[in-house]
Each structure stands twice: as structure tokens, then as C-alpha cells.
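Chain residues, written in single-letter form:
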Amino acid sequence: RDSFGHFRPSSMTTGRPLEVSIELHYNVIYAGSDHLRTIESAISHTAEAVDDEPAPHPWSDLSANERWRAYEIEAAGPVENAVDYVYRKIFASLNPTVRNLEPVAVFVLNPDKCRMDPARSSPKETGNWRDKSGISDKNPDALTPEELVQEECGYVYRYRYMDGEGASA
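What you see is a predicted model, and the numbers here were worked out from it, not measured in a lab.

The rules behind these values
- Position numbers for residues count from 1 along each chain, tracking the sequence in the order it is written.
- Reporting of local features is limited, given that this is a predicted model, to residues whose pLDDT is at least 70; pairs of side-chain atoms are given and counted only at 80 or more, and all residues count toward the totals for whole chains, interfaces and linings.
- Water and hydrogen atoms play no part in the side-chain values, which are based on all heavy atoms of the structure.
- Any two rings among Phe, Tyr and Trp, with Trp reduced to its six-membered ring, count as a pair given centres within 6.5 Å; such a pair is stacked if its planes are under 30 degrees apart, edge-to-face if over 60, and tilted if neither.
- Each helix is a run of H or I in the DSSP string that is no shorter than four residues. Each strand is a run of E no shorter than two, and both are numbered from the N terminus.
- Burial status follows relative accessibility: with a 1.4 Å probe on protein chains alone, a residue under 20% of its type maximum counts as buried, one over 50% as exposed, and anything between as partly exposed.
- In this scheme, Lys NZ or Arg CZ marks a charge over a ring once it lies within 6 Å of the ring centre and within 35 degrees of the ring normal.
- In this analysis, the protein atoms alone were mapped onto a 1 Å grid. Cavities are point sets where a 1.4 Å probe fits without being able to get out; pockets are open sets with protein on both sides within 12 Å along at least five of seven lines; lining residues have an atom within 4 Å of a point.
- Grid points are joined across faces, edges and corners, and a volume is the space filled by probe spheres set on the points.
- Residues are sorted three ways: Asp, Glu, Lys and Arg are charged, Ala, Val, Leu, Ile, Met, Phe, Trp, Tyr, Cys and Pro are nonpolar, and all the rest, Gly among them, are polar.
- We call a pair of cysteine sulfur atoms a disulfide when they lie within 2.5 Å.
- Lines are fitted to the C-alpha atoms to define the axes, a helix being fitted only along its stretch in contact, and any angle between axes, read from their N-to-C directions, falls within 0 to 180 degrees.
- Angle categories: roughly parallel below 35 degrees, roughly antiparallel above 145, roughly perpendicular from 65 to 115, and oblique for all the rest.
- Here, residues are in contact when the closest pair of their heavy atoms is within 4.5 Å.
- As used in this record, nonpolar core signifies buried Ala, Val, Leu, Ile, Met, Phe, Trp, Tyr and Cys residues forming a set joined through side-chain atoms within 4.5 Å.

### Points about the packing of aromatic side chains
Consideration 1: Within the structure shown, the criterion is met by 2 aromatic pairs.
Consideration 2: Ring centres 5.6 Å apart and planes at 85 degrees place the aromatic pair Y71 and Y155 in the edge-to-face group. Of the two residues, Y71 sits in strand β4 (residues 67–74) while Y155 sits in strand β5 (residues 155–160), which places them 84 residues apart along the sequence. Across this residue pair, the class does not change: Y71 and Y155 are buried.
Consideration 3: Taken together, a centroid distance of 6.4 Å and an interplanar angle of 35 degrees make the contact between Y155 and Y157 tilted.
Consideration 4: Ring-pair connections join several aromatic residues into one group, and the members of that group are Y71, Y155 and Y157.
Consideration 5: Between K113 and the ring centre of Y155, over which it is positioned, the NZ or CZ distance is 4.9 Å.

In C-alpha cells, the structure reads:
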């Protein structure tokens, strides 16, 4: 269990301390690979192919005229349900009485794009710079441009939530 120190904000106009103080305590909980794969699977299965797009900016020099497969992911529905499932599994395993409480949680995910590739019908050869689990054994700064392209698996995806605008990856 960690915490930030005591914090008391000040007025932006006068600079005087406000009559409020903040103290934040937090726990870092590492989810298992099965939790991550649950979410990856939901993302992969909800991906809808859209028009191909130019290669992402860092790789545009490598593939100037090449178009990458593109997908849109709606985060509401199956993806949201997968995140909720993982949330409940993690907190229920910590304290079974927590069912009636809703702890605030921030999920930081780093899904594997090659495992999530909607076009993949079976596990692909990922190159000798990755180990058998698909994890790169090199620092990202040490990957060659060709290895970076391979790491991105030749596709891009963008997500939206309840038909709103989203981000790209």
C-alpha cells in the first residue's frame, strides 16, 4: 500500500491555501496473464474491419505507399463486460466481502497486438526477437525499424465508447 503525501491546494487568484486537503492512498495490483487475455480476446472479437490506413507515423518511412489493415473497436458491450469481469475477479479475490462495495480502480493495460490480431486464425511466427510467450526480449529502443513494424503486426485499431470518438493504437 502506497500513498501520496498530504496535499493542500491553493487559490489560483490569491495564492492562499484552500480549506481542503487531499490524501490519496492506493494499491497496485498486478493482474494475471489470464485477465489480460480475457480483455484481448474481447477486443479481438469485436474488431470490425474498416478502410485501410497509411502506416502509423513512426513507420511511414519504411512503408511509404503501404496501407495497413484498420479496425474499429466498440468498447461498450463485450469489451466493457470483459473489463468488468476482470475487475470483479480481482477485487473478489482480494476480499470476498467487497461485493457490495465498488472500489475505484484505474486499469493500465498493455495488450499484445499480435495476439489480438482479428485476421489471425492460428498463432503466427513472431520472429526470434520475441520469446515463446510472445514477449519481446529487447528494449523497444533497441528494436530495428523492421522489428518495430513486426511488433505492430501490420494493423492499426481505434476504439470508441458508445459510438463516441476514440483513440488509435
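Next comes the rest of the account.
### Structural notes on the layout of surface pockets
Consideration 1: One number sums up the size of the largest pocket: a volume of about 840 Å³.
Consideration 2: Lining the largest pocket are 26 residues, with N27, V28, I29, V106 and F107 positioned closest to its centre.
Consideration 3: Among the secondary structure elements, those contributing two or more residues to the lining of the largest pocket are β2 (25–26), α1 (33–46) and α2 (78–94).
Consideration 4: A class-by-class count of the residues in the lining of the largest pocket yields 19 nonpolar, 6 polar and 1 charged.

### Topic: the state of the cysteines
Consideration 1: Inspection of every chain in the model, using the stated rule, returns 1 disulfide.
Consideration 2: With a sulfur-sulfur separation of 1.7 Å, C114 is cross-linked through a disulfide to C153. Handedness here is read from the sign of the S-S torsion; for C114 and C153, about -90 degrees, the answer is left-handed. In this pair, C114 sits in helix α3 (residues 113–116) while C153 sits in the loop between α4 (145–152) and β5, placing the two residues 39 residues apart along the sequence. Taken individually, C114 and C153 each receive the classification buried, so the pair is uniform in this respect.

### Quick word on empty space enclosed by the protein
Consideration 1: Here the structure, examined in full by the defined rule, presents 1 cavity of 30 Å³ or more.
Consideration 2: Considered as a void within the structure, the largest cavity measures approximately 40 Å³ in volume.
Consideration 3: Taken together, I43, S44, A47, Y71, I73, M116, P118, Y155 and Y157 make up the lining of the largest cavity.
Consideration 4: At the level of secondary structure, the elements contributing two or more residues to the lining of the largest cavity comprise α1, β4 and β5.
Consideration 5: The class makeup of the residues in the lining of the largest cavity is 8 nonpolar, 1 polar and no charged.

### So, the packing of α1 against α2
Consideration 1: Where α1 contacts α2, the two axes come as close as 8 Å, and the packing angle between them is 170 degrees. Here α1 lies roughly antiparallel to α2, going by the angle between them. Contact residues: H35, T38, I39, A42, I43 and T46 in α1; P78, V79, A82, V83, Y85, V86, K89 and I90 in α2.
Consideration 2: Classifying every residue of the contact of α1 with α2 by side-chain character gives 10 nonpolar, 3 polar and 1 charged.

### Notes on the nonpolar core
Consideration 1: The biggest cluster of nonpolar side chains holds 15 residues, and the ones touching the most others in it are I43, Y71, I73, Y155 and Y157.
Consideration 2: Residue assignment for this core shows that the elements contributing at least two residues are α1, β4, α2, α3 and β5.
Consideration 3: Per-element accounting of this core gives the leading share, 4 residues, to α2.

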